[in-house]
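# Coordinates in review
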Amino acid sequence: MKIVKVHGIIFSIHILFIPIMFLLYFLGYGKIMIILLIIIILHELSHGLIAMFFGIKIKELEILPFGGVVKLDKSLNFTNREEIFISAAGPIFNLVISATVFFFQKYFGLKNSNVDFIIFSNLIIGIFNLIPVLPLDGGRIVRSLLSYLFGYKNATRIIVIFSKLFAFFLIGINIFIFSLESYNITFILLGIFIYIKSNKEQKMTAYITMRDFASKKESLNKQGSMESQHMTVLPETTLGEISRQFTPKKFYIIYVLDEHYALKGILTEDEILSAILEYGMHGKVKNILEKRNNY
């Protein structure tokens, strides 16, 4: 639900956050709710500030039932290095704030329950977000590190599997504890949240070849050369069939043959990925050639 737009950045609140907010208020936790809200907003803005350092624009900042998310422009075109720095910014901010406030409390006598809560909340939020599961920051950091070895698509599949196992663990352990007449519904909801979000990331794997390509461009610009791989296709071949054969360490050149096996055109990996954004995974090679007036 959109609240306000400031300097092109949309500030919004997830619809489920509203009943949680009212519930906390009526239970007498209004002050705690405000402190948590400020911490979440600053956590997400720290992601955004590092993104802006890399020249990436912030599109939206949304407050979710279990935290927040900053939506950035061209998120599929981040390099691994950019995602590591952007993802790490939030938890680092929380841990630094926690340590700083603790220092002032210890040496300047800031004895206050609200100060204790600020120290504890930032510490927990910082550590929690470093858990290596999606959609948490730790999961994004580990995925980017794994991408150097396996490519972004395969790294996403690996971290999604781990995220789902973690979600099942949270739900399962609390169902077991429930049988002992003691459980925490928050962890069950958190497990469901992680499962849903990681499943969403899994569905995106068909499109994140673009992310591998961003890393390839960075490597090509840095080294000046890269090993290439040739592929031969027909005009009716779908873009999805082609992109699924791309690997992270090679740049692909695609030769298009007609029904008589004569050369009709040459496409680059970049053109295939751009066409996927325009026509979808079921678009065909002939769509690109027709646009170039070569078919």
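Description of the structure in this document.

About the cut-offs
- Residues numbered from 1 in each chain as written.
- Predicted model: local features only at pLDDT ≥ 70, side-chain atom pairs only at ≥ 80, totals over all residues.
- Heavy atoms only, no water.
- Helix = DSSP H or I, 4+ residues; strand = E, 2+ residues; numbered from the N terminus.
- Contact = heavy atoms within 4.5 Å.
- Areas by Shrake-Rupley, 256 points an atom, 1.4 Å probe, with all protein chains shown as cover.
- Buried < 20%, exposed > 50% of the residue type's maximum accessible area, 1.4 Å probe, protein only.
- Phe/Tyr/Trp six-rings, centres within 6.5 Å; stacked < 30°, edge-to-face > 60°.
- Pairing = 2+ DSSP bridges.
- Axes fitted to C-alpha atoms, helices over the stretch in contact; angles between N-to-C directions.
- Core = buried A, V, L, I, M, F, W, Y, C linked by side-chain atoms within 4.5 Å.
- Salt bridge = Lys/Arg side-chain N within 4 Å of Asp/Glu carboxyl O.
- Parallel < 35°, antiparallel > 145°, perpendicular 65-115°, else oblique.
- Nonpolar A, V, L, I, M, F, W, Y, C, P; charged D, E, K, R; others polar.

## Regarding the overall build of the protein
Secondary structure summary: the protein contains 11 helices and 7 strands in total. Within the protein, contacts between residues at least 6 apart in sequence are counted, and of these 60% link residues at least 24 apart. With the model as given, the accessible surface of the protein reaches about 16900 Å², and the carbon-plus-sulfur share is 66%.

## Concerning unusual backbone geometry
A cis geometry characterises the amide bond from Leu134 onward to Pro135, with omega recorded as 10 degrees. Examined against the element boundaries, Pro135 turns out to sit in the loop between helix H4 (113-128) and helix H5 (137-150). Unusually for a residue other than glycine, Tyr261 sits at a positive phi of about 65 degrees. Here Tyr261 shows up in the loop between strand E6 (251-257) and strand E7 (263-268). What makes Tyr261 exposed here is its relative accessible area of 62%.

## Comments concerning the packing of aromatic side chains
In the structure shown here, the tally under the stated rule is 4 aromatic pairs. Pairing Phe53 with Phe54 gives two aromatic rings, centres 5.5 Å apart and planes at 75 degrees, and the pair type is edge-to-face. The exposure class assigned to Phe53 is exposed, which follows from its relative accessible area of 66%. Considering the side-chain rings of Phe54 and Phe85, the 6.2 Å spacing of their centres and the 55 degrees angle between planes classify their relative orientation as tilted. Of this pair, Phe54 sits in the loop between helix H2 (30-53) and strand E3 (58-64) while Phe85 sits in helix H3 (residues 80-108), and the two are 31 residues apart along the sequence.

## Some points on the sheet that holds E7
Taken in spatial order, the 3 strands make up an open sheet running E5-E6-E7, and their pairing is mixed. The open sheet has two edge strands with one neighbour each: strand E5 (228-233) and E7. When the angles between neighbouring strand axes are averaged without regard to direction, this sheet yields 20 degrees. Judged from the 5 bridges that link them, E6 and E7 form a sheet pairing that is antiparallel. Residue pairing across strands places Ile253 opposite Thr268, the latter belonging to E7.

## So, the nonpolar core
Counting 17 residues, the largest nonpolar core has Ile242, Phe246, Ile254, Leu267 and Ile272 as its most contacted members. Secondary-structure elements contributing two or more residues to this core are E5, helix H9 (239-243), E6, helix H10 (269-279) and helix H11 (285-291). Here this core takes 4 residues from H10, the largest share from any one element. With residues near it in sequence (within four places) discarded, Leu267 still touches Tyr252, Ile253, Ile254, Val256, Ile272, Val285, Ile288, Leu289 and Arg292. By size, the runner-up hydrophobic cluster in this structure holds 9 residues, among which are Val133, Phe166, Ala167 and Phe193.

## Considerations on the pattern of salt bridges
Following the criterion strictly, the structure yields 3 salt bridges and no others. One continuous salt-bridge network, built from bridges that share partners, spans Glu236, Lys284 and Lys286.

## A word on the packing of helix H1 (residues 17-26) against H2
H2 packs onto H1 with a crossing angle of 140 degrees between their chain directions and a minimal axis gap of 7 Å. Relative to H2, H1 is oriented oblique. For the pair H1 and H2, contact is made by Phe17, Met21, Leu24 and Tyr25 and by Gly30, Met33 and Leu37, respectively. Split by residue class, the contact of H1 with H2 holds 6 nonpolar, 1 polar and no charged.

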